Amino acid sequence: MPYSASSHKTAFVDRLTAGAPILLDGGLSNQLEAQGLDLNSNLWSASLLRDDPTQIVNAHRFYLQAGADCLITASYQASTAGFETIGISPDQGDESIANSVVLAQQAIDQYRQDSTSGAPRRPLVAASIGPYGAFQADGSEYHGNYGVDDAVLAAFHAPRLRLLDSTSADVLACETIPSLQEERVLHRLLLEIDTPAWLCFSCRDGQHVNDGSTIEACVALFNDHPKVAAVGVNCTAPQYVNELIRRIKNAAADKAIVVYPNSGERYDPVDKSWHGTSTPQACGAAAQSWLEAGASIIGGCCRMGPDHIRAMKQQCCC
């Protein structure tokens, strides 16, 4: 069924029903690295929530200036358990996670104050909820075979979901989900929240998510979910996206489709380096094809920077 708003948080769904494409931002970590920051930490960009939050605001502003309609927060790799591994108390960790939404809102306020185009429509804020594998920081989000039971996954995800649900975020972005097991756990937990959500899978080809499950089996579970407004893929090579959109449309016809692939470069979790390349110009043309295939929310993930988002804006979201 389509998402039916049961709370005051309707901006995301209202924007979807308006019909115009929603343009997301790109990879937060690569923009932070472009700003000269070292993210060599198990918390990745989330480490800056405590160490240098102003840099997160600055990175968000680069994407707003490129034309993004929606910012994804720096909470992807942030969790109470993750902060505890570096000696941060649960209360302090939760404060940092919630602050990721505040920082995105600050960037939007500053951007709107500085805008020379009058009063542009206020961009949305999507609170990032990364997979269990992001907390593990061992590359397991690339295969999804965690070796833990559902109770472990639920205990990990539930507190952060409740926390971010209590913020002013417009939508909860459950992203880079690599397995059917983790999806089923999130399906149950998302029934208990008020903020609308989207759920994106990380896929290894044009048919399968990273654990080998078919994309149809994964998205079909959410077709009747009352709190999930959109389903799709992210952190997936762009050459697979059009085929994945086709399969998602067939399996979850009542949901909006969200796609924000990576640049097509391959990440090696062993040496923590990237291999390959993709140009902003190619990205703009690809984004147009994603919209034509049926996506309504588009953007970029790893290695997609402001230039990629600007190219998408110029090509298909003017």
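One can find the structure itself at the top, above this paragraph.
Residues numbered from 1 in each chain as written. Predicted model: local features only at pLDDT ≥ 70, side-chain atom pairs only at ≥ 80, totals over all residues. Heavy atoms only, no water.

Visitor: Looking at this structure, how should I read the side chain of Asp165?
Guide: With respect to the helices and strands, Asp165 occurs in helix α8 (residues 150-165). Among the polar contacts listed, one links the side chain of Asp165 to the backbone nitrogen of Asp194, at a separation of 3.1 Å. Setting aside residues no more than four positions away along its own chain, Asp165 makes contact with Lys9, Leu172, Ile193, Asp194 and Thr195. (Helix = DSSP H or I, 4+ residues; strand = E, 2+ residues; numbered from the N terminus. Polar contact = N/O pair within 3.5 Å; in protein donor to acceptor, adjacent residues only side chain to side chain. Contact = heavy atoms within 4.5 Å.)

Visitor: Explain the pairing of strand β6 (residues 228-234) to me, please; I cannot follow it from the model alone.
Guide: For a regular strand, the rule is simple: side chains alternate between the two faces of the sheet. Most of β6 is tucked away: seven of the seven residues are buried. Alignment of strand β5 (residues 197-201) against β6, held across five bridges, turns out to be parallel. Its bridge partner lying in β6, Cys200 is registered against Gly232. In this view, the connection linking β5 to its parallel neighbour β6 by way of helix α10 (residues 215-220) has right-handed handedness. (Buried < 20%, exposed > 50% of the residue type's maximum accessible area, 1.4 Å probe, protein only. Pairing = 2+ DSSP bridges. Right-handed = clockwise from strand over helix to strand, strands pointing away.)

Visitor: Explanation requested: unusual backbone geometry in the structure shown.
Guide: Where the residue is not glycine, phi is negative for most of them; where a peptide bond is considered, it is trans in most cases. Within the chain, Thr176 stands out as a residue other than glycine whose phi angle is a positive 60 degrees. In this fold, Thr176 is placed in strand β4 (residues 171-177). Relative accessible area serves as the criterion here: at 3%, Thr176 is assigned to the buried category. The backbone of Cys235 shows a phi angle near 50 degrees, a positive value even though the residue is not glycine.

Visitor: Explain the environment of Ser140 here, please?
Guide: With respect to the helices, strands and loops of the structure, Ser140 is situated in the loop between α7 (132-136) and α8. With a relative accessible area of 4%, Ser140 lands in the buried category. In this structure the C-alpha to C-alpha distance between Ser140 and Pro178, which are 38 residues apart in sequence, comes to 8.7 Å. Beyond its immediate stretch of four places on either side in the chain, Ser140 contacts Gly133, Asn145 and Tyr146.

Distances and angles like these do not, on their own, reveal function.
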